[in-house]
Each structure stands twice: as structure tokens, then as C-alpha cells.
Amino acid sequence: MAVSRINEAGLDVNQYGNRNLVINGAMKVAQRGTSTTTSGSYQIDRFSADNAGGTVTYEQVSLSSSDTPYSSGFRNAAKLTNTSAGSTATTDYRRFMYRVEGQDMAGSGWNYTSSSSSITLSFWVKSSLAGTYSVSFHALDGTAQAYSFDYTLVADTWKKITHTLPGNSNLTFDNDTGQSFRISIWPYIGTNFTTSGHTDEAWAAYDGSSQTGDYAQNWASTASATFFVTGVQFEVGDTATDFEHRTFADELARCQRYTFVHETGVAYGWSALSGYCNTTSNALAFYQFPVKMRAAPSLTVSGDFQILDGFTSYSVTNNSLGMGTVFNARVDVSASGLTAGRHIATRNNNDADAKVIFDAEL
């Protein structure tokens, strides 16, 4: 049954969009690909997964009608698999994190310095290990503040978690494009970062050695343990409303503010990158971003590319970001045997998975 929330003007907030401060909370968009074992990666856009000790596989997976969130419109989830167990219970951790811009927190409508004003987190979660798990919040601006809460799970059973946070007079959010707020969902966090006397559900100065209470179960030491998350929503008010489902196109455009991935998807597919030969060993390729990015991005090229000058194809030996703004970028491409002044186009060299990644993540 839908939950109604009436604001001061007597209007039902559920009928309005843009309630959710989280982008891609339904895990629809995965521009970089669907699976990785690299710690700290954003395999699913806007959500990073990092770990210490052992190896974790982080992937976007499809849900089926047997998954409880499916009936609420969710078709994807983030899945963490403990591919190899960690070595110690103290320094190991596994974390799924979302970062929020300062201007999005400052302009959210949450009167965050008032204890009578609230903001609410909700999400669906499932773990292969029963036990008590934690979520922590980290406000980075000013004097850093932190808050945490616990929840319990039955093994291999989906559960919807909701929790409301009050404001606090010590909270500060800068009205800028920097990282201001972190939401961390922990499958496991070792005792180097926890304390048995940790106080939950209260704001306090951030302490990296006391982010949550001690974990009773060690997900990180259990090989092949799994952890699923979807439907992450963070909204102003004291009630978790129905999840704000947005179209794939809408979520993709929002994600492209932080990362834009160009790929062709087929062998020898042509790229939109074009330009000219600057010298016999260097070409300049230019790209216009589909949306204004959060900041000037960094460049990563994954896979095998060629450049063509209308007559001959040349293997690329190096790519670097020659110039980047929030609107466009110039990529410096190295190859041998070019003819200065000729126009060039780019394509993948029989590598359908080749990607050009412009990254402005928080």
C-alpha cells in the first residue's frame, strides 16, 4: 500500500518527483560493465564497492519474480560476492558506498541543523549470512560528523530497511560540487574501525576507529558469501515513501554528470571521437559530453583502438587527456606514420568491449 506524506501546504509529497537524493538507486545503469573485482570501483554508476583483505566480485545482476523487490518494480540489484576470504577480522572490511554532492545536501530542503527536521534512508537488502549489519553516515564538511544504525537479516531473505535521521546543530554542508556526505552499507567492518561501546542512532564527531559497533558475524571470512542491495532512496522527511522509479534515460543522463563512457558495442565499431593529425606521431581527437559534467574529468581508455585518416588505419600506442572541461575534452592519441593535417576518425580494433571513460566521480 502506498504511503502518503502530507507537507505543510496539505499536498501529498508522493505525487512529486525528485524526492530521491540518490541517483541510480534501482541499479539500472552500469556504464563501465557489469562485473569487476577491483576495489573502489563504480561498476554500477554512482555506487562504489571497496574492500580490504581478500577479494570481492562486484556486479550488476538481474532480479526475477522470486525476488521480493521484483513486485515493487525492481529489475536489477548490486551483488557483492566474497570471492576469497580475508586474513584477519581486525583490518578487513567490505563496503558499499554512495557519495552526495554538497550542493545537493545543502539545497535538499532538509533543515539539517534542527533536531526536529529529518531525512530518511530506505533500501532493499539480502545476505547469505544471518546476523546484525550496520549502515553509517559521514558528513565531511566543517567538523566531520557521523551517525550509524544496525539492522538484522535472516539468511537469504530480502528485507526492506528504513531509518530516519534527525538533524544536528553540528552538521555543515557546503553549497558546492564537492563530496559532502557518504552513505556506507557494510557487509562487514573489522574491529580496527569499530568499538564494542559504539553509540548508534546519535550524531557524534567522526572517528574512523569507531564507525559502527563490533560485528558478531564475519562476512569477510566466509568464502562465497553474497550480499545484495537495490532500491536505495534518501529523502527529506520522517517517512520512507514509495521508491521514486525513474526511466533508464533519466537515470543515465544523471549518471553522465559524474561519468561518461563511450563505447561502440560491436567489433570495428566507429567512435564519435574525431579530429586531425597534429604531427606524424600525434593526433588530436575531440569529444562533446552529452551533459555538463560535475568537474573536468580524468581519462581512462580500456581496450584496443585504431585511428583512420581516410586512407590507412593506425594502431594507437597511447591515449592521454590533453584538455578537459565540464563540457568537452581533447584526447591526445599517439600512433606512428601519420600525415600531419589529415582528418582522422576512430574505431575499435576488433574489440567490441573497448571503452573511453571520462570520470568526474566524487
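Scoring rules and cut-offs
Residues numbered from 1 in each chain as written. Predicted model: local features only at pLDDT ≥ 70, side-chain atom pairs only at ≥ 80, totals over all residues. Heavy atoms only, no water. Helix = DSSP H or I, 4+ residues; strand = E, 2+ residues; numbered from the N terminus. Buried < 20%, exposed > 50% of the residue type's maximum accessible area, 1.4 Å probe, protein only. Polar contact = N/O pair within 3.5 Å; in protein donor to acceptor, adjacent residues only side chain to side chain. Contact = heavy atoms within 4.5 Å. Pairing = 2+ DSSP bridges. Phe/Tyr/Trp six-rings, centres within 6.5 Å; stacked < 30°, edge-to-face > 60°. Lys NZ or Arg CZ within 6 Å of the ring centre and 35° of its normal. Axes fitted to C-alpha atoms, helices over the stretch in contact; angles between N-to-C directions. Core = buried A, V, L, I, M, F, W, Y, C linked by side-chain atoms within 4.5 Å. Salt bridge = Lys/Arg side-chain N within 4 Å of Asp/Glu carboxyl O.

On to unusual backbone geometry. One non-glycine residue with positive phi stands out, namely Asn24, at about 70°. Locating Asn24 in the fold gives a position in the segment before β1 (35-36). With relative accessibility at 0%, the residue Asn24 sits in the buried group. One non-glycine residue, Ser224, adopts positive backbone phi at about 70°. Positionally, Ser224 belongs in the loop between β14 (212-213) and β15 (226-236).

Time to look at the side chain of Asn218. If you trace the backbone, Asn218 turns up in the loop between β14 and β15. You can call Asn218 buried: its relative accessible area is 19%. Among the polar contacts listed, one links the side chain of Asn218 to the backbone nitrogen of Ser221, at a separation of 3.0 Å. Sequence-distant contacts of Asn218, defined by excluding residues within four places in its chain, comprise Ala89, Leu129 and Tyr188.

Next up on the list: the sheet that holds strand β10 (residues 159-166). Taken in spatial order, the six strands of this open sheet run β1-β4-β5-β15-β7-β10, and their pairing is antiparallel. Where the open sheet ends on each side, the last strands, each with one partner, are β1 and β10. Pairing between strand β5 (residues 76-84) and β15: four bridges, direction antiparallel. What sits directly across from Leu80, in β15, is Phe227.

Attention now moves to the environment of Ser148. Here Ser148 is to be found in strand β9 (residues 145-153). Along the primary structure Ser148 and Gly17 are separated by 131 residues, whereas in three dimensions their C-alpha atoms are 28 Å apart. When sequence neighbours within four positions are dropped, the list of residues in contact with Ser148 reads Val135, Ser136, His198, Thr199, Asp200, Glu201, Gln211 and Thr212. Within polar-contact distance, the side chain of Ser148 engages the side chain of Asp200 at 2.5 Å.

A few words on the packing of aromatic side chains. Evaluated as defined, the whole model comprises 30 aromatic pairs. Taking NZ or CZ as reference, Arg46 lies 3.7 Å from the ring centre of Tyr258, over its face. Its end group placed over the ring of Trp270, Arg347 keeps NZ or CZ at 5.7 Å from the ring centre.

Reading across the sheet, the three strands line up as β16-β25-β19 and stay open at both edges, with antiparallel pairing between neighbours. Edge positions in the sheet fall to β16 (259-263) and β19 (298-302), since each has one partner strand and no second. Sheet twist, expressed as the mean angle between neighbouring strand axes with direction ignored, is 15°. Where β19 and strand β25 (residues 355-359) come together, five bridges link them in antiparallel fashion. The partner of Ser298 across the bridge, within β25, is Asp359.

In this structure, Phe96, Phe123, Phe137, Tyr151, Phe181, Phe227 and Phe234 are the most contacted members of the largest nonpolar core, which totals 54 residues. For this core, the leading source of residues is strand β11 (residues 179-189), giving six residues. Sequence-distant contacts of Phe234, defined by excluding residues within four places in its chain, comprise Arg19, Asn20, Leu21, Val22, Met105, Ile119, Thr120, Leu121, Phe137, Phe181 and Ile183. Grouped together as the second largest cluster of nonpolar side chains are 23 residues, Cys277, Phe289, Ile344 and Ala360 included.

Applying the stated rule across the entire model yields twelve salt bridges. Close ionic contact of Glu251 with Arg246 constitutes a salt bridge, the shortest N to O distance being 3.5 Å. Side by side, Glu251 and Arg246 carry an identical accessibility label, which is buried. What you see here is one network of salt bridges that share partners, running through Glu244, Arg246 and Glu251.

As paired strands, strand β18 (residues 282-288) and strand β23 (residues 328-334) are joined by seven bridges and run antiparallel to one another. The partner of Ala285 across the bridge, within β23, is Val331. Judged from the six bridges that link them, strand β22 (residues 318-324) and β23 form a sheet pairing that is antiparallel. Of the residues in β23, the one forming a bridge with Met323 is Arg330. Taking the residues that link successive antiparallel strands as the turn, the β22-β23 hairpin has three residues.

Honestly, it's all geometry; don't read function into it.
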